Amino acid sequence: MEDARAETVALLSDCFTRDVLSVEDFERRVGLAHEAATIAELGRAIDGLETGGALARREGSAASGVHAKGSAAPVEVRAADRAVAVFGEVKRTGEWVPARTNTLVSVMGSIVIDLREARLGPGRTTLSVVAVLGAVELVVPPGMHVHSGGSTVLGTFEQSVRSSVPAAPGEPFVQVEGCSILGEVSIETRRPGESKREAKRRRRSEKRERKRLARGR
């Protein structure tokens, strides 16, 4: 619940900085978010934001967990796919349809899987990752459900995504599993068109805003 509350406040902060919300409406909604005891009550803090502009429609909300790009039809989704980078680089970006099961192997190479504009099939999309002295980076949009579990040997398997609300039956979600051996596996949320540096700057700004609001309560 606390993760969902923090994500909701972050969304409201972004709407405020983009002039989607007035000062009064922003403070009212943040108050509702802090007072909410259930997900349903938390949803009242973002009620009506869909009519406030494309921002809320595109990015969805922490309370609803909606992926704005929607789902691919089952007939469009391949059963399996693989990406192998050995002393090289592989990228999957733009609007594309991931397979139901995806095997990613990086051996002293780099793999970037960008799902911000991807159309997932209904239900689970699995990413099986192996990074040996290499790197695998997964980029997802806000609101996408991501479950991960991996092991490491002198490496990293890091997730900055927090899926606080479970996916509804049939709703797309991503399952990441695998291992990192002297390598790096990272899962990060970024908005469409947002660079890694811009995402870090935005998160720092949102963190400062949450602290300011907490002090003002």
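Residues numbered from 1 in each chain as written. Predicted model: local features only at pLDDT ≥ 70, side-chain atom pairs only at ≥ 80, totals over all residues. Heavy atoms only, no water.

### Details of a nonpolar patch on the surface
Reasoning step 1: Nonpolar side chains collect at one region of the surface, where V84, V86, F87, M108, L133, V153, L154, I181 and L182 lie side by side and expose about 900 Å² of accessible area between them.
Reasoning step 2: Given the relative accessible area of 64%, F87 is considered exposed. (Patch = residues over 30% accessible without salt bridge, like charges linked within 9 Å, V, L, I, M, F, W, Y side chains within 5 Å. Areas by Shrake-Rupley, 256 points an atom, 1.4 Å probe, with all protein chains shown as cover. Salt bridge = Lys/Arg side-chain N within 4 Å of Asp/Glu carboxyl O. Buried < 20%, exposed > 50% of the residue type's maximum accessible area, 1.4 Å probe, protein only.)

### What about the pairing of strand 1 (residues 80-86)?
Reasoning step 1: What you see with strand 1 is a clean split: D81, A83 and A85 sit on the buried side and A80, R82, V84 and V86 on the side with no burial.
Reasoning step 2: Relative to strand 3 (residues 101-107), strand 1 runs parallel, the two being bridged by 7 bridges. Opposite A85, over in strand 3, you have S106 as the bridge partner. (Helix = DSSP H or I, 4+ residues; strand = E, 2+ residues; numbered from the N terminus. Pairing = 2+ DSSP bridges.)

### Describing helix 2 (residues 23-35)
What sets the pattern is the α-helix's 3.6 residues per turn: residues three or four places apart point alike.
Reasoning step 1: Here helix 2 contains 13 residues, and its C-alpha end-to-end distance of 18 Å stays within 8% of the 18 Å for a straight helix at 1.5 Å per residue.
Reasoning step 2: Within the span of helix 2, buried status applies to D25, F26, R29, V30 and A33. Buried residues of helix 2 fall within an arc of 130 degrees about the axis and therefore sit on the same side. Along helix 2, exposed side chains directed more than 90 degrees from the buried face belong to E24, E27 and E35. (Expected span 1.5 Å × (residues − 1). Arc of directions from axis to C-beta.)

### Remarks on the pattern of salt bridges
Reasoning step 1: In total, this model carries 9 salt bridges according to the counting rule given.
Reasoning step 2: Across the salt bridge formed by E137 and R190, the nearest N and O atoms sit 3.3 Å from each other. Here E137, found in strand 6 (residues 135-140), pairs with R190, found in the loop between strand 10 (184-189) and helix 5 (196-216); they are 53 residues apart in sequence, far enough to count as distant. The residues E137 and R190 share a single accessibility class, namely buried.
Reasoning step 3: Linking E137 and K196 is a salt bridge whose minimum nitrogen-to-oxygen distance equals 3.5 Å. Taken together, the residues E137 in strand 6 and K196 in helix 5 connect sequence positions 59 residues apart.

### Observations regarding the nonpolar core
Reasoning step 1: Core analysis: the biggest nonpolar cluster contains 23 residues, and L104, I111, L115, L138, V174 and V176 have the highest contact counts within it.
Reasoning step 2: Taken together, the elements giving at least two residues each to this core come down to strand 1, strand 4 (110-114), strand 5 (124-132), strand 6, strand 9 (173-181) and strand 10.
Reasoning step 3: If you look at the next biggest cluster of nonpolar residues, it comprises 14 residues, including L11, A33, A36 and L213. (Core = buried A, V, L, I, M, F, W, Y, C linked by side-chain atoms within 4.5 Å.)

### What about the side chain of D114?
Reasoning step 1: By the secondary structure assignment, D114 is in strand 4.
Reasoning step 2: With a relative accessible area of 10%, D114 lands in the buried category.
Reasoning step 3: Not counting residues up to four positions away in its chain, the partners in contact with D114 are R92, T93, W96 and V139. (Contact = heavy atoms within 4.5 Å.)

### Here's the deal with the sheet that holds strand 5
Reasoning step 1: Reading across the sheet, the 5 strands line up as 1-3-5-9-7 and stay open at both edges, with parallel pairing between neighbours. Edge strands, defined here as strands with exactly one partner in the open sheet, are strand 1 and strand 7 (145-153). The sheet shows a mean angle of 10 degrees between the axes of neighbouring strands, direction not considered. (Axes fitted to C-alpha atoms, helices over the stretch in contact; angles between N-to-C directions.)

### Some words on the sheet that holds strand 2 (residues 89-92)
Reasoning step 1: Pairing in this open sheet of 5 strands is parallel, and the strands run 2-4-6-10-8 from one edge to the other. Each edge of the open sheet carries a strand with a single partner, namely strand 2 and strand 8 (156-159). When strand polarity is set aside, the average angle formed by the axes of neighbouring strands in this sheet is 10 degrees.
Reasoning step 2: Two elements, strand 6 and strand 10, share 6 bridges in a ladder whose sense is parallel.

### Quick look at unusual backbone geometry
Leave glycine aside and you will find that most residues have negative phi; peptide bonds, for their part, are mostly trans.
Reasoning step 1: Here F87, not a glycine, exhibits a phi torsion of approximately 55 degrees, which is positive.
Reasoning step 2: Structurally, the position occupied by F87 is in the loop between strand 1 and strand 2.
Reasoning step 3: A positive phi angle, close to 55 degrees, is found at M108, a residue other than glycine.
Reasoning step 4: Take M108: it is sitting in the loop between strand 3 and strand 4.

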